[in-house]
Amino acid sequence: MARTRDFRDRVVNQQTVWSAGAYDAMSAKLIEDAGFDAVMTSGFGVSASHLGMPDAELYTMSENLAVVRNVINVVDIPVIADIDTGYGNAINAMRTVREFEAIGCSAVILEDQVSPKRCPICVGGVEVIAKDEAVSKVAAAAAARRDPNMLIIARTDVVDVQEAIDRGKAYVAAGADIIQPISKCFKDIEGLRAMREGVGVPLSLQILGWLEGMSPKEIESVAGMATFALVPLMTVAAALRENLAALVASKSTKDLPRPRTDHNDFIDFIGFKKVEELQLKYLRAS
């Protein structure tokens, strides 16, 4: 999937791109199949799915890269990659940006936490790096990309509104295309509007917590990108828990509480027909 100027233009001109959070290649295919504009690979989801562990930057850059590469290989819509803190200092972030750009990412999200990061929606508070260091890191990330159509989304994890606005403005001046605040920083749409006006570029919003109560129109009034980051992961977790609990209790597939995808529908979705066509074409009998 090639990056396109159309995707970049849509985001920076605030023609809101709606996406959902993938944790592996299959979830990305389902997001595309549902009709979303783009898919975001969620660090929270990647850590949970591939390590069975919390979002604390426990996986390495190369492990995250492998997941994102698999996602890009199976979808035709833009892929936005969560690259956490860039896995080190500004120089580490430069290599990270180049690696994710090389596999075809349309955008990367770089945050200003101390490395290794902690998930701000799961802990009481997080530590951020100094503003000057964060600005240099964003500038290094922007300089590292070779394709100007790849977006740099700078995320700030500060929870003071004015500090978030000040950092956002500085990150834009350093080369960030859009800014992503965290939900804890604001309590209402007016705060988000103040940040949108203050930083001078559209926001990237992960629709979590109180933001889930906003209307699509309100979201589109401030956001160039809006992502339901954890709905896919949490949906699958709930469905599996219920059906597996029923299975272990009854030892039967009758009357499962959650529906299952039809077998034939699934093999069509996952691509068996295409593989079979290739086998018939290229695997000739001796």
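Right above here is the structure, for reference.
Parameters and conventions
Residues numbered from 1 in each chain as written. Predicted model: local features only at pLDDT ≥ 70, side-chain atom pairs only at ≥ 80, totals over all residues. Heavy atoms only, no water. Buried < 20%, exposed > 50% of the residue type's maximum accessible area, 1.4 Å probe, protein only. Helix = DSSP H or I, 4+ residues; strand = E, 2+ residues; numbered from the N terminus. Pairing = 2+ DSSP bridges. Right-handed = clockwise from strand over helix to strand, strands pointing away. Salt bridge = Lys/Arg side-chain N within 4 Å of Asp/Glu carboxyl O. Contact = heavy atoms within 4.5 Å. Polar contact = N/O pair within 3.5 Å; in protein donor to acceptor, adjacent residues only side chain to side chain. Axes fitted to C-alpha atoms, helices over the stretch in contact; angles between N-to-C directions. Parallel < 35°, antiparallel > 145°, perpendicular 65-115°, else oblique. Nonpolar A, V, L, I, M, F, W, Y, C, P; charged D, E, K, R; others polar. Patch = residues over 30% accessible without salt bridge, like charges linked within 9 Å, V, L, I, M, F, W, Y side chains within 5 Å. Areas by Shrake-Rupley, 256 points an atom, 1.4 Å probe, with all protein chains shown as cover. Lys, Arg positive; Asp, Glu negative; His and termini not counted.

### A closer look at the pairing of strand E5 (residues 151-156)
Counting buried positions along E5 yields six of six residues, so the element is predominantly enclosed. Burial along E5 is two-sided: the residues Leu-151, Ile-153 and Arg-155 and Ile-152, Ala-154 and Thr-156 are all buried. The sheet contact formed by strand E4 (residues 107-111) and E5 spans five bridges and is parallel. Each bridged residue has a counterpart across the sheet, and for Leu-110 the counterpart in E5 is Ala-154. Here E5 runs beside strand E6 (residues 178-181); their pairing, made up of four bridges, is parallel. Bridge pairing links Ile-153 to Ile-178 in E6. As a crossover connection, the stretch from E5 through helix H7 (residues 161-174) into E6 is right-handed.

### Some words on the pattern of salt bridges
Where side chains of opposite charge bring their charged atoms close, a pairing between them can arise. A full pass over the atoms with the stated rule returns ten salt bridges. Salt-bridge contacts for Glu-111 lead to Arg-155; the nearest nitrogen and oxygen are separated by 3.3 Å. With Glu-111 in strand E4 and Arg-155 in strand E5, this pair connects stretches of sequence that are 44 residues apart. Residue classification places Arg-155 among the buried residues on the basis of a relative accessible area of 8%. One salt-bridge network, in which partners are shared between bridges, spans Arg-8, Arg-145 and Asp-177.

### Some thoughts on the environment of Pro-54
By the element assignment, Pro-54 lies in the loop between helix H3 (43-51) and helix H4 (61-74). Residues Pro-54 and Pro-232 lie 178 residues apart in sequence; the distance between their C-alpha atoms is 16 Å.

### Re H3
Taken as a whole, H3 has its buried residues at Gly-43, Phe-44, Gly-45, Val-46 and Ser-47. At its buried positions, H3 is contacted by strand E2 (38-41), H4, strand E3 (79-82) and helix H10 (231-250). Between the side-chain oxygen of the N-cap and the backbone nitrogen of Phe-44 there are 3.3 Å, and the N-cap of H3 in question is Ser-42. Following H3 by one or two positions, Gly-52 has its phi on the positive side, about 65°.

### Overview of the packing of helix H2 (residues 25-34) against helix H11 (residues 263-270)
Two measures define how a pair of helices packs: the angle their axes make with one another and the distance between the axes. It is the contact of H2 with H11, at a shortest axis distance of 11 Å, that shows an interaxial angle of 95°. Looking at the two axes, H2 sits roughly perpendicular to H11. Packed against H2, whose contacting residues are Met-26, Lys-29, Leu-30 and Asp-33, the element H11 presents Phe-266, Phe-269 and Ile-270 at the interface. Of the residues assigned to the contact of H2 with H11, the class counts are five nonpolar, no polar and two charged.

### Brief notes about unusual backbone geometry
A cis amide bond, omega 0°, links Ser-115 with the succeeding residue Pro-116. Residue placement: Pro-116 occurs in the loop between E4 and helix H6 (131-144). For Asp-84, which is not glycine, the phi torsion reads 55° and is therefore positive. Relative to the assigned elements, Asp-84 resides in the loop between E3 and helix H5 (90-102). Exposure remark for Asp-84: the relative accessible area of 0% places this residue in the buried category. With a phi angle near 55°, Lys-251 is a residue other than glycine that sits in the positive phi range.

### A few points about a nonpolar patch on the surface
Together, Met-26, Leu-30, Phe-266, Ile-270 and Phe-272 make up a nonpolar patch on the protein surface, roughly 420 Å² of accessible area in all. Where the nonpolar patch is concerned, the elements lending two or more residues are H2 and H11. Judged by its relative accessible area of 32%, Phe-266 is partly exposed.

### Thoughts on the environment of Arg-260
If you trace the backbone, Arg-260 turns up in the loop between H10 and H11. Between the C-alpha atom of Arg-260 and that of Ala-239, which follows or precedes it by 21 residues, the distance is 9.4 Å.

### Points about the side chain of Lys-137
Here Lys-137 is to be found in helix H6. The side chain of Lys-137 is buried and forms no salt bridge, while Glu-133, the nearest opposite charge, is found at 5.7 Å. Apart from the residues lying within four places of it in its own chain, the contact partners of Lys-137 are Thr-85, Gly-88, Asn-89, Ala-90, Ala-93, Leu-110 and Ile-129.

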